[in-house]
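For reference, the chains in residue letters:
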Amino acid sequence: MLADSARLHIAIQKSGRLSELSRALLRDAGLRIQNGKNELAARVENYPADLMFVRDDDIPTFVADGVCELGVVGGNVLREFELGEADPRCEIVAELGFGRCTLKLAAPENTPWEGVASLEGARIATSYPRILQRFLEEGQIKATVVKMNGAVELAPRLQIAPFICDLVSTGATLEANGLRPVETVFESEAVLVRSRKPVSQAREEQVAGLLSRIDGVLATKEAKYIMLNAPEEALSAISALLPGAEAPTILPLHQRPGHFAVHAVCQESVFWETLQKLKATGASAILVLPIEKMML
Ligand code: PRT
Ligand code: ZN
């Protein structure tokens, strides 16, 4: 067995909105996560890596300090951390497409709103004081930022602040509290971050190996393999219709002169509308297959 120092450390959220999807991403990348009693860490059985289960707010610090070489965290948490740092010590290596939410300014339904100027001189409650402060500075607005660690949506009712700035996904929480969104401050999704701390060549290779697998996982999420038959005169129209495909493979069909099979990997979603358009060009026997693994 490898000594601990020879293993990568990957920080993911212990329990919360990102934890299951973070584990799923690593599993899709082929990592077999040991099911142990230890709730703070788990060994990966088939890759020299350990997972650390921590609070999301601690992930940027762990990665910045190099305690963990990699981490999965909300872009919002990372941004809030980085705005408090002199130099960026974490690097975003992939946007993961889950945990999407928006940091929004919101106000009670009946509060008049004439754009961000309405914030001038007001108090705004938020768990993201640095992101909000930066937003206010960029809009040249002077307002008082009130930091709250949770239950931000209660601030107007408790007369802590007439405005709030909080994460929104469905909008149900705002609505349930008689609030309406008035302005977007920051769009967020989960990101994969790596430490900027220099590492040994061997460690670098471990990181690069895992990152290339994760790139493959992300690329295959939308990607599809398309096969169809088509007459020669339709081939250029078909190539133009295939979403995100580079240089399709064209093969002659046996005993059907002037007809070809077209095979292509499409990097973007393939919708029914695309299939209908392909058919209209003269394509037939159109098959769309999922791709299980891909290494670019
Ligand atoms: O214990 P730990 O500190 O690790 O977890 P946490 O409670 O701080 O975080 P958690 O699990 O709630 O969220 C982790 C990350 O998920 C956040 O940092 C975001 O990047 C992302 N995320 C995505 C969200 C939401 N959607 C979200 N809707 N985080 C929080 N919310 C909250 C929001 O604060 C508000 O209270 O959900 C409520 C609004 O939801 P809607 O659907 O009613 O609009
Ligand atoms: Zn947290």
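Residues numbered from 1 in each chain as written. Chains lettered and ligands numbered in written order. Predicted model: local features only at pLDDT ≥ 70, side-chain atom pairs only at ≥ 80, totals over all residues. Heavy atoms only, no water.

Enquirer: Honestly, the domain arrangement of the protein chain in this entry has me stumped. Any pointers?
Expert: A common way to express how large an interface is: the accessible area buried when the components associate. Partitioning the protein chain into structural domains gives domain 1 (8–98 + 190–220), domain 2 (101–187) and domain 3 (224–290). Using C-alpha coordinates to define each centre, domain 1 is positioned 30 Å away from domain 2. Summed over both partners, the interface of domain 1 with domain 2 comes to about 780 Å²; 60% of that surface belongs to carbon and sulfur atoms. Broken down residue by residue, the surface that domain 1 buries against domain 2 is led by N76, E80 and L83, which jointly contribute 70%. For the pair domain 1 and domain 2, the number of links is 3 residue pairs in polar contact (both at pLDDT 80 or more). (Domains from an automatic or database assignment. Buried area = accessible area lost by both parts, 1.4 Å probe. Polar contact = N/O pair within 3.5 Å; in protein donor to acceptor, adjacent residues only side chain to side chain.)

Enquirer: I tried to follow helix α6 (residues 201–222) on my own but got confused; where do I start?
Expert: Within an α-helix, residues lying three or four positions from one another point in the same direction, as the helix has 3.6 residues per turn. Taking 1.5 Å as the rise per residue, α6 with 22 residues should run 32 Å; its terminal C-alpha atoms sit 33 Å apart, in good agreement. Every buried residue of α6 is listed here: R203, Q206, V207, L210, L211, I214, G216, V217, A219 and T220. For α6, the elements touching its buried residues are β1 (8–13), α1 (19–28), β4 (70–74), β5 (90–95) and β11 (190–195). (Helix = DSSP H or I, 4+ residues; strand = E, 2+ residues; numbered from the N terminus. Expected span 1.5 Å × (residues − 1). Buried < 20%, exposed > 50% of the residue type's maximum accessible area, 1.4 Å probe, protein only. Contact = heavy atoms within 4.5 Å.)

Enquirer: In this structure, what is going on with the site of ligand 1? I would like to understand it.
Expert: Near ligand 1 lie 21 residues; those nearest to it are R55, N76, T170, G171 and T173. G171 places a polar main-chain atom, nitrogen or oxygen, 2.7 Å from an oxygen atom of ligand 1. Within the complex, 78% of the 840 Å² of free accessible area of ligand 1 lies under protein. Only α3 (75–82), β9 (163–168) and α5 (172–176) provide two or more residues apiece to the shell around ligand 1. Counting residues per element, the shell around ligand 1 draws most heavily on β9, which supplies 3 residues. Looking at side-chain class alone, the shell around ligand 1 contains 6 nonpolar, 9 polar and 6 charged residues. In this structure, the shell around ligand 1 is formed jointly by two domains, domain 1 (8–98 + 190–220) and domain 2 (101–187), each of which donates at least three residues. (Near = heavy atom within 4 Å. Areas by Shrake-Rupley, 256 points an atom, 1.4 Å probe, with all protein chains shown as cover. Nonpolar A, V, L, I, M, F, W, Y, C, P; charged D, E, K, R; others polar.)

Enquirer: Would you take a moment to explain the packing of α3 against helix α4 (residues 129–138) for this structure?
Expert: Geometry of a packed helix pair, given as the angle between the helix axes and the separation of the axes. Remark: α3 packs on α4, axes separated minimally by 8 Å, with the N-to-C direction vectors making an angle of 75 degrees. Between α3 and α4, the angle is such that the two are roughly perpendicular. Only P129, R130, I131 and R134 of α4 make contact with α3, whose side of the interface consists of N76, R79, E80 and F81. Looking at the contact of α3 with α4 residue by residue, the class counts come to 3 nonpolar, 1 polar and 4 charged. (Axes fitted to C-alpha atoms, helices over the stretch in contact; angles between N-to-C directions. Parallel < 35°, antiparallel > 145°, perpendicular 65-115°, else oblique.)

Enquirer: How should the packing of aromatic side chains be read in this particular structure?
Expert: To describe a pair of aromatic rings, one takes the distance between the centres and the angle between the planes. Applying the stated rule across the entire model yields 1 aromatic pair. Each ring, one from W113 and one from F163, has its centre 5.9 Å from the other, and the planes form 65 degrees; the classification is edge-to-face. Separated by 50 residues along the polypeptide, W113 in the loop between β6 (101–108) and β7 (123–126) and F163 in strand β9 bring together distant segments of the chain. Take W113 and F163: they sit in the same class, and that class is buried. (Phe/Tyr/Trp six-rings, centres within 6.5 Å; stacked < 30°, edge-to-face > 60°.)

Enquirer: Which parts of the structure should I look at to understand the sheet that holds strand β13 (residues 249–252)?
Expert: Each strand in a sheet pairs with another by means of backbone hydrogen bonds, the pair being arranged parallel or else antiparallel. The strand order across the open sheet formed by 4 strands is β13-β14-β12-β15, and the pairing between neighbours is antiparallel. Of all strands in the sheet, those with a lone pairing partner are β13 and β15 (284–290), marking the two edges. For this sheet, the mean angle separating the axes of adjacent strands, direction not counted, is 15 degrees. (Pairing = 2+ DSSP bridges.)

Enquirer: I keep staring at the sheet that holds strand β10 (residues 179–188) and nothing clicks. Help me out?
Expert: As summarised here, the arrangement of the 5 strands in space is β8-β7-β9-β6-β10, forming an open sheet in which the pairing is mixed. Looking at which strands have only one partner, the edges of the open sheet turn out to be β8 (144–147) and β10. Each strand of the sheet is rotated relative to its neighbour by a mean of 30 degrees, with strand direction disregarded. Bridging between β7 and β8 involves 4 bridges; their strand directions are parallel. Paired with I124 across the strands is V145, a residue of β8.

Enquirer: It is not clear to me how the coordination of the zinc ion (ligand 2) should be interpreted in this structure. Could you clarify?
Expert: Under ideal tetrahedral coordination, the four donors around a metal are separated by 109.5 degrees; under ideal octahedral coordination, the six donors are separated by 90 or 180 degrees. The zinc ion (ligand 2) binds to the protein through D56 (OD) and D57 (OD); the donor distances cover 2.1 Å. For the zinc ion (ligand 2), the 4 donor atoms are set out with angles of 73 to 177 degrees between them, so the coordination reads as irregular. (Donors = N, O, S within 2.8 Å, 3.2 Å for Na, K, Ca; no water. Tetrahedral: all angles 85-135°; square planar, octahedral: opposite > 155°, others 65-115°.)

Enquirer: Looking at this model, I keep getting lost on the pattern of salt bridges. Mind explaining?
Expert: Here the idea is simple: oppositely charged side chains can pair when their charged atoms come close. Overall, the coordinates contain 12 salt bridges when judged by the stated rule. D50 is the salt-bridge partner of R43, the closest N and O atoms lying 3.7 Å from each other. A salt bridge links R194 to E204; the shortest N-O distance between them is 3.2 Å. Highlighted residues: R194 in strand β11 and E204 in helix α6, separated in sequence by 10 residues. The network of salt bridges with shared partners includes R7, R43 and D50. (Salt bridge = Lys/Arg side-chain N within 4 Å of Asp/Glu carboxyl O.)

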